[in-house]
Amino acid sequence: MTVPTVTLPLPDGSTAEMPMVGFGTWRIRGQEAYNATRAALDAGYRHIDTATMYDNEAEVGRALRDSGVPRDDVFITTKLLAEDAGREKQALTDSLRKLGLQQVDLWLIHWPPNGLAAPEVWRELIGAQDHGFARSIGVSNYAPEQIDELIKATGRPPVVDQIPWSPAQHDAALLAELHARDVTVEGYSSLKRTPLTAPALTEIAARHSRTPAQVVLRWHVQHGIVVIPKSVRAERIAENIALFDFELGDGEMAVLDRL
């Protein structure tokens, strides 16, 4: 199975490839986090999303090591707690130690600290990137205006904004604004925020012999939005990445846009 990727620009002119479907680990901890991450890697996921706040970085790292999948084949994201503003270096050091890695593929500011863009925090992420501890850097839950503030202050844009996204929340104008800034949109809570029993959705799913969840995830991919579904059930984990042998038509996409 080949999962499509989005290309992230790097400061030196090179690029990194980010798989468009990743495995989310929010609220999965302990042995359950280990088991679910192993199941995801076994199912073909090569993008794992974690965070300091999730308290599962050690389990994610152990699952990666035990999986036998080469480190360079897996895109690992973690996130800086907003409360860790002012201790960014120590926070990333702790994350890398727990993950058992020398570098993460993407480090995000999890929320705007105190609701502000916080260019001083962004400068610390830039420093981590320049020193090789984070290959790419970005933000989560930032508005376009806050991203503009970071760019104005530092000259270096975030390459990703991880935000809530689903058909029920589809905002074409916001998507266009972020794309105009060369920011990749990564959607979270995509299934949780979708009315999976909506007749329009279930009709499309039946037409393709797919589940409503698979249709929603495929909708994200066709919009160019990275998506990180979460589950602790091996069969559901595998189902959520089985998205690349069907395609939604333009009319179906339009229906989902209005869900």
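Everything below is about the structure shown above.
Draft legend 1. Representation of the environment of I241 in the model. Within the secondary structure layout, I241 lies in the loop between α9 (234-239) and α10 (250-257). Given a relative accessible area of 2%, I241 falls into the buried group. Along the chain, I241 and K89 lie 152 residues apart, while their C-alpha atoms are 34 Å from each other. What I241 contacts, discounting residues up to four positions off in sequence, is M1, V3, V21, A43, G44 and Y45.

Draft legend 2. Looking closely at the pattern of salt bridges. Taken as a whole, this structure holds 13 salt bridges when the rule is applied. With its nearest N and O atoms 3.6 Å apart, the salt bridge here joins D94 to R87. The partly exposed category is assigned to R87, whose relative accessible area is 35%. Linking D130 and R156 is a salt bridge whose minimum nitrogen-to-oxygen distance equals 2.9 Å. Taken together, the residues D130 in helix α4 (residues 119-130) and R156 in the loop between α5 (144-154) and β8 (160-164) connect sequence positions 26 residues apart.

Draft legend 3. Quick peek at the sheet that holds strand β4 (residues 47-49). As summarised here, the arrangement of the eight strands in space is β3-β4-β5-β6-β7-β8-β9-β10, forming an open sheet in which the pairing is parallel. This sheet does not close on itself; its edge strands, each paired only once, are β3 (23-24) and β10 (226-227). Two strands pair when backbone bridges link them, and strand β7 (residues 134-140) and β8 are joined in this way by two bridges, in the parallel orientation. Within β8, the position partnered with V139 by the bridge is D161. Strands β5 (75-80) and β6 (104-109) of the sheet are contacted by helix α3 (residues 88-99), whose axis makes an angle of about 140° with β6.

Draft legend 4. Representation of the packing of aromatic side chains in the model. Tallied over the entire structure, the rule returns one aromatic pair. Centre to centre, the rings of F23 and Y45 are 5.7 Å apart; their planes meet at 70°, and the pair counts as edge-to-face. With a gap of 22 residues between them, F23 in strand β3 and Y45 in the loop between α1 (30-43) and β4 connect regions that are remote in the sequence. Sitting over the ring of Y34, R62 keeps its end group 4.0 Å from the ring centre. Here the basic side chain of R218 rests over the ring of F246, its NZ or CZ set 6.0 Å away from the ring centre.

Rules used throughout
- Residues numbered from 1 in each chain as written.
- Predicted model: local features only at pLDDT ≥ 70, side-chain atom pairs only at ≥ 80, totals over all residues.
- Heavy atoms only, no water.
- Helix = DSSP H or I, 4+ residues; strand = E, 2+ residues; numbered from the N terminus.
- Buried < 20%, exposed > 50% of the residue type's maximum accessible area, 1.4 Å probe, protein only.
- Contact = heavy atoms within 4.5 Å.
- Salt bridge = Lys/Arg side-chain N within 4 Å of Asp/Glu carboxyl O.
- Pairing = 2+ DSSP bridges.
- Axes fitted to C-alpha atoms, helices over the stretch in contact; angles between N-to-C directions.
- Phe/Tyr/Trp six-rings, centres within 6.5 Å; stacked < 30°, edge-to-face > 60°.
- Lys NZ or Arg CZ within 6 Å of the ring centre and 35° of its normal.

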